[in-house]
Amino acid sequence: MPRFDNQTVLVTGGTGGQGTSHVRAFHAEGANVVIGDIDAERGAALADELGPRARFTHLDVIDESSWSAAVLATESAFGALNVLVNNAGVQNPPATIEDTDQATWSRVLDINLTGTFLGIKAAVPALRRAAGGVIVNIASTMALGGTAHYAPYVASKWAVRGLTRTAALELGRDHIRVNAIHPGVIATPFIHEPAAGATAAIADFYSPEPFAIPRLGEPTDVTRLLLFLTSSEASFITGSEYVIDGGLLLGPALRTEAA
Ligand SMILES: NC(=O)c1ccc[n+]([C@@H]2O[C@H](COP(=O)([O-])OP(=O)(O)OC[C@H]3O[C@@H](n4cnc5c(N)ncnc54)[C@H](O)[C@@H]3O)[C@@H](O)[C@H]2O)c1
């Protein structure tokens with residue numbers, strides 16, 4: 001039996017590189033899927049393609065009323081919400097802290113952190129109505145160290161870790177598990193297209209060549225971990241964080257000739 005039969009999953013940023021992969025995989029494993037995103041054109045097209053077990057809902061994660069509407073739309077369409085994936089996120093244009101304006105700082109914190117907070121807040125009553133559920137917050141390997149020129153992004157993703165652990169403590173007795181995933185560098189528009197206000201994309205200056213697994217991550221790499229964490233196979237896992245980065249955080253691998 002598919003792992004997500006009779007389950008309903010809401011994926012924020014569901015039209016993005018990783019979000020689309022997650023939505024397709026949950027759907028293929030039997031779930032009803034709700035694609036939450038600000039990109040209505042791509043969202044509607046993906047929902048149309050997937051058919052009756054898919055819906056698009058216009059969701060701006062920084063807007064609390066948008067969240068209420070998305071949760072209501074989910075329950076109206078499919079009767080319940082079982083899984084929330086807080087995946088929507090943006091990066092800042094690279095700049096030192098000194099050169100980062102407050103508007104950029106606030107925008108990144110709003111979407112990546114406050115959006116995750118509002119998502120948990122909006123979903124919890126619905127997850128309780130469903131007698132429990134799972135939340136996964138997509139953070140980043142940048143939440144485990146410092147990265148020059150990415151202070152807003154790094155700070156937002158570090159904070160998502162604290163939110164994840166706190167939510168796990170608050171919600172465990174309601175049978176709601178909360179975990180975080182830290183992807184490394186994944187081949188999506190996020191790294192192939194410049195951030196708003198930037199001219200260069202991450203892929204223009206990052207190469208996976210020095211690392212243990214010398215390739216970019218694929219969205220499906222992250223999807224497979226996500227599906228495990230949201231499935232009943234992971235029923236004893238909460239408040240935890242999972243790095244999926246091909247060895248990026250290990251640092252450069254030794255060259256054969258130097259070993
Ligand atoms: N690609 C990477 O290398 C990488 C690495 C680590 C973490 N991440 C994280 O993974 C997540 C997914 O990123 P991706 O790689 O798929 O990038 P992406 O740019 O392809 O997708 C991001 C999605 O978020 C949506 N979005 C942006 N602002 C929104 C808002 N206010 N409300 C709702 N949706 C909004 C966009 O429309 C887009 O569909 C993000 O949280 C990102 O920070 C990405």
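Notes on the structure follow. Keep in mind that this is a model prediction, so the values were computed, not measured. (Residues numbered from 1 in each chain as written. Predicted model: local features only at pLDDT ≥ 70, side-chain atom pairs only at ≥ 80, totals over all residues. Heavy atoms only, no water.)

### Side note on the overall build of the protein
A tally of regular secondary structure across the protein gives eight helices and seven strands. Its C-alpha atoms give the protein a radius of gyration of 18 Å, within 12% of the compact-globule value 18 Å for 259 residues. Considered along the principal axes of its C-alpha atoms, the protein spans approximately 55 × 45 × 40 Å. Expressed as a percentage of its 259 residues, the buried residues of the protein come to 51%. For the protein, restricting intrachain contacts to residue pairs at least 6 apart in sequence, the fraction spanning at least 24 positions comes to 70%. Roughly 12,200 Å² of accessible area belongs to the protein as shown, and the carbon and sulfur atoms make up 56% of that amount. Counting 17 positive and 26 negative side-chain charges, the protein places the centres of these two groups 8 Å from one another. (Helix = DSSP H or I, 4+ residues; strand = E, 2+ residues; numbered from the N terminus. Rg over C-alpha atoms; globule rule 2.2 N^0.38 Å. Buried < 20%, exposed > 50% of the residue type's maximum accessible area, 1.4 Å probe, protein only. Contact = heavy atoms within 4.5 Å. Areas by Shrake-Rupley, 256 points an atom, 1.4 Å probe, with all protein chains shown as cover. Lys, Arg positive; Asp, Glu negative; His and termini not counted. Charge placed at Lys NZ, Arg CZ, Asp CG, Glu CD.)

### Observations regarding helix α3 (residues 64-78)
When the terminal C-alpha atoms of α3 are compared, their 21 Å separation across 15 residues agrees well with the 21 Å that a helix rising 1.5 Å per residue should span. Along α3, the residues classified as buried are S66, W67, A70, V71, T74, E75 and F78. Buried residues along α3 cover an arc of 165° about the axis, so they all sit on one side. Exposed and facing more than 90 degrees away from the buried side of α3 are L72 and S76. (Expected span 1.5 Å × (residues − 1). Arc of directions from axis to C-beta.)

### Concerning the site of the ligand
G17, D37, Y153, G184 and T188 are the nearest of the 28 residues found near the ligand. Here an oxygen atom of the ligand sits 3.1 Å away from a polar atom, N or O, in the main chain of G16. Coverage of the ligand by the protein chains reaches 93% of its 830 Å² of free accessible surface. Secondary-structure elements contributing two or more residues to the shell around the ligand are α1 (17-28), α5 (151-171) and α6 (189-192). Counting residues per element, the shell around the ligand draws most heavily on α6, at three residues. Residue composition of the shell around the ligand, by class: 15 nonpolar, 10 polar and three charged. (Near = heavy atom within 4 Å. Polar contact = N/O pair within 3.5 Å; in protein donor to acceptor, adjacent residues only side chain to side chain. Nonpolar A, V, L, I, M, F, W, Y, C, P; charged D, E, K, R; others polar.)

### Focus on α5
Relative to the 30 Å expected for 21 residues at 1.5 Å per residue, α5 spans 30 Å between its end C-alpha atoms, a close match to the ideal helical length. Inspection of α5 places A151, P152, Y153, V154, S156, K157, V160, R161, T164, A167, A168 and L171 among the buried residues, and these make up the whole buried set. Buried residues along α5 sit against α4 (102-129), β5 (133-138), β6 (176-183), α6 and β7 (241-244).

Everything listed here is a matter of geometry and, on its own, says nothing about what the molecule does.
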